[in-house]
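Summary of the model geometry
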Amino acid sequence: MTAEGGLPGSPDAGAGAGGPAYRLVAIHGDGVGPDVVGAAKRVLAVAGARFGFDIAWTDVVAGGAAIDAYGVALRDEDLAACAASDAILLGAVGGPQWDDPKATVRPEQALFAMRGGLGLFANLRPVSVHPALVPASPLRPELLDGVDMLIVRELTGGLYFGARTEATGAPGARAASDTLPYTEGEVARVARLAFDLARGRRRRLTSVDKANVLATSRLWRTVVHEIAAEYPDVALDDRLVDACAMQLVRAPASFDVLVTENLFGDILSDEASVLAGSLGMLPSASVGTRRTAHGLHGLYEPIHGSAPDIAGRDLANPIGTIVSAAMLLRWSLGRTDAADAVEAAVSGALDAGFRTADLWPRDPALAEACTRVGTVGMADAIVARIGETGGITGAAA
Ligand code: IPM
Ligand code: MG
């Protein structure tokens, strides 16, 4: 699994011997959320036992489940509980029963409340390809060689938070609008984070915009280039978002760190997930600059949605959530030891041939060497390998 690069000033360990207790919020959410968060909690418990720490969980109800229970996607007191935690682990929110376009209360509002309310302005989405999953990607294997990128998506500005007007007017004359505002400060803080992250990796940063059309993209480009002067050791280039979308599937190994505005990052990261073989593989971390006693405060979640059609059926791939939990260990708790062990265990389970349905090889000859597992079976295979190796490549048992 990919090392995302270090954040400046991250502490390297928790409170040390004596068994610190970290305070985490779990948001199971909707659809497959409870399946995958359940799996990740098991992995964290085993990692804690192996590396000598405890986790005190607070369960928060958010998304569609909260709309059903309380009439809102996230209550103020639950946002306060998230703020008081060391970090938050979230499954997924949403589902068809809350999809009415006329509804004023929607599950996704829980995400926006946390992103905005907790100051989580950067969303980090690492994309790498496990060698055993190359056949699971529709791209030719030679294109996947060396793919290891980190998408840094601005998360609290742009179209998601700009003023909008819902459709008004009579049928035939209805109109609606969304606006895409950015301030210099919003661009600068996410750009600095991306430059810092590039310094911990291959020192290449691609800034993605649509500067040939959008005023906000021209501001974006100007500010990113001004900040580049502070990072002479990082090579910066610009890509227009349409060209970038093409390059992501034509030469994906050419990228190191990408930084881009909110909606572009949303779209490009789903596109990039195809490289990893399945949307179910990819983790994410949403962070700002606030630190707790242990590390950066943050929200960790897989990039996939709630997949209601397979919810509760032991079918969902838990790896995206488990690797998100590894990011949580690394960045919010400073537990590099446990994070490395979880990532190695995931690698080991894949090397040993364990596959959920989304990863199942189409080629029967490859399938013969694999073992079909559900959510629980994949978690079992990972849990069994925690602490087995100290390295990052992992070894099949
Ligand atoms: C994501 C998701 C969300 C987003 C949705 C569920 C609102 O697609 O985290 O990428 O668009 O930000
Ligand atoms: Mg998305």
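Per chain, residue numbering runs from 1 following the sequence as it is written. Starting at A for chains and at 1 for ligands, labels are handed out in the order in which the entities are written. Where local features are concerned, this predicted model is filtered to residues with pLDDT of at least 70; where side-chain atom pairs are given and counted, the filter is 80 or more; whole-chain, interface and lining totals use all residues. With hydrogens and water stripped out, all remaining heavy atoms of the structure feed into the side-chain values.

Before going further, it helps to spend a moment on the overall build of the protein chain. Helices and strands together make up the secondary structure of the protein chain, namely 13 helices and 14 strands. Principal axes of the C-alpha set define a box for the protein chain whose edges measure 60 × 50 × 50 Å. Here the protein chain holds 397 residues, and the buried ones make up 53% of them. Excluding contacts between residues fewer than 6 apart, the proportion of contacts in the protein chain whose partners are at least 24 apart in sequence is 77%. Split by element, the accessible area of the protein chain, about 15500 Å² in all, is 56% carbon and sulfur. For the purpose of charge, His is not counted, nor are the chain termini; Lys and Arg are scored as positive and Asp and Glu as negative. Taken as the charge location is NZ of Lys, CZ of Arg, CG of Asp or CD of Glu. Here the protein chain contributes 34 positive and 47 negative side-chain charges, whose respective centroids are spaced 2 Å apart. Numbering goes from the N terminus for both helices and strands, where a helix is a DSSP run of H or I of at least four residues and a strand is a run of E of at least two. Burial classification: accessible surface area is computed with a 1.4 Å probe over protein chains only, and a residue below 20% of its type maximum counts as buried, one above 50% as exposed, and the rest as partly exposed. Contacts between residues were defined by any pair of non-hydrogen atoms, one from each residue, lying within 4.5 Å. Here the Shrake-Rupley method, with its probe set to 1.4 Å, supplies the accessible areas, and only the displayed protein chains count as covering residues.

This part covers the packing of helix α11 (residues 336-351) against helix α13 (residues 375-383). Helix axes use the C-alpha atoms of the stretch in contact, all axes being lines fitted to C-alpha atoms, and the angles between their N-to-C directions lie in the range 0 to 180 degrees. Contact pair α11 / α13: the axes reach a minimum separation of 8 Å and the direction vectors enclose 115°. The handedness of the crossing between α11 and α13 comes out as right-handed. Counted together, Ala-345, Val-346, Ala-349 and Leu-350 of α11 and Met-378, Ala-381 and Ile-382 of α13 form the full contact between these two elements. When the residues that make up the contact of α11 with α13 are grouped by side-chain class, the tally is 7 nonpolar, no polar and no charged. Left-handed describes a crossing whose near helix is turned anticlockwise from the far helix through less than a right angle; right-handed describes the clockwise counterpart. Residues are sorted three ways: Asp, Glu, Lys and Arg are charged, Ala, Val, Leu, Ile, Met, Phe, Trp, Tyr, Cys and Pro are nonpolar, and all the rest, Gly among them, are polar.

By definition, the strands of a sheet pair up through backbone hydrogen bonds, in either a parallel or an antiparallel sense. Think of it this way: DSSP has to see at least two bridges between two strands before they count as a pair. The 10 strands lie next to each other as β2-β1-β3-β12-β11-β4-β5-β10-β8-β9, forming an open sheet whose pairing is mixed. Looking at the sheet topology across the chains shown, the edges are occupied by β2 (54-59) and β9 (235-240). Taking each pair of neighbouring strands and ignoring which way they run, the sheet shows an average axis angle of 25°. Pairing of strand β3 (residues 87-92) with strand β12 (residues 296-302), which is carried by 2 bridges, proceeds in the parallel orientation.

We call a residue near a molecule or strand whenever a single non-hydrogen atom of that residue lies within 4 Å of it. Lining the immediate environment of ligand 1, one finds Glu-108, Leu-111, Phe-112, Arg-115, Arg-125, Arg-153, Tyr-160 and Asp-266. The definition of a polar contact used here is a pair of N or O atoms within 3.5 Å, where within protein one atom must be able to donate a hydrogen and the other to accept one, and adjacent residues in sequence count solely through side-chain atom pairs. Within the side chain of Arg-125, an N or O atom sits 3.0 Å from an oxygen atom of ligand 1. Tyr-160 places a polar side-chain atom, nitrogen or oxygen, 2.6 Å from an oxygen atom of ligand 1. Bound to the protein, ligand 1 loses 75% of the 320 Å² it would expose on its own. Considered class by class, the residues forming the shell around ligand 1 number 3 nonpolar, no polar and 5 charged.

Another point: helix α7 (residues 215-228). In an α-helix there are 3.6 residues to a turn, and that puts residues three or four apart on one side. Here, expected helix span is obtained from the residue count minus one, scaled by 1.5 Å. Taking 1.5 Å per residue, 14 residues should reach 20 Å; α7 reaches 20 Å between its end C-alpha atoms and fits that length. Those residues of α7 that sit buried are Thr-216, Ser-217, Trp-220, Val-223, Val-224, Ile-227 and Ala-228. Along the long axis of α7, the arc covered by the buried residues comes to 145°, so they all point the same way. Elements in contact with the buried residues of α7: β5 (148-154), α6 (184-199), β8 (204-209), β9, β10 (257-260) and α9 (262-273). Working note: the arc is built from the helix axis to C-beta atom directions.

Like charges are joined within 9 Å and nonpolar side chains (Val, Leu, Ile, Met, Phe, Trp, Tyr) within 5 Å, but only among residues with over 30% relative accessible area and no salt bridge; these make up the patches. Throughout this description, the term salt bridge denotes a Lys or Arg side-chain nitrogen within 4 Å of a carboxyl oxygen of Asp or Glu. On the surface, Val-61, Tyr-70 and Val-72 cluster together into a nonpolar patch covering about 210 Å² of accessible area. Within the secondary structure layout, Val-72 lies in the loop between α2 (64-70) and α3 (76-84). According to the relative accessible area criterion, Val-72 is partly exposed, its value standing at 35%.

Turning next to the side chain of Thr-292. Of note, Thr-292 is situated in the loop between β11 (283-291) and β12. Ignoring anything within four residues of it in the chain, the contact list for Thr-292 reads Ser-85, Asp-86, His-297 and Ser-332.

The next thing to look at is the environment of Cys-82. Checked against the element boundaries, Cys-82 lands in helix α3. Beyond its immediate chain neighbours, meaning those up to four positions away, Cys-82 contacts Val-25, Ile-27, Ile-88, Met-114, Leu-118 and His-297.

With 94 residues, the main nonpolar core has Leu-124, Met-149, Val-152, Leu-275, Tyr-300 and Ile-382 as its most contacted residues. When residues no more than four places from it in sequence are discounted, the contact partners of Val-152 are Asn-123, Leu-124, Val-190, Ala-194, Leu-197, Val-257, Leu-258, Val-259 and Thr-260. Buried Ala, Val, Leu, Ile, Met, Phe, Trp, Tyr and Cys residues that are joined via side-chain atoms within 4.5 Å together make up what is termed a nonpolar core. Ile-27, Ala-73, Ala-110 and Leu-111 belong to the second-largest nonpolar core, a separate cluster that totals 18 residues.

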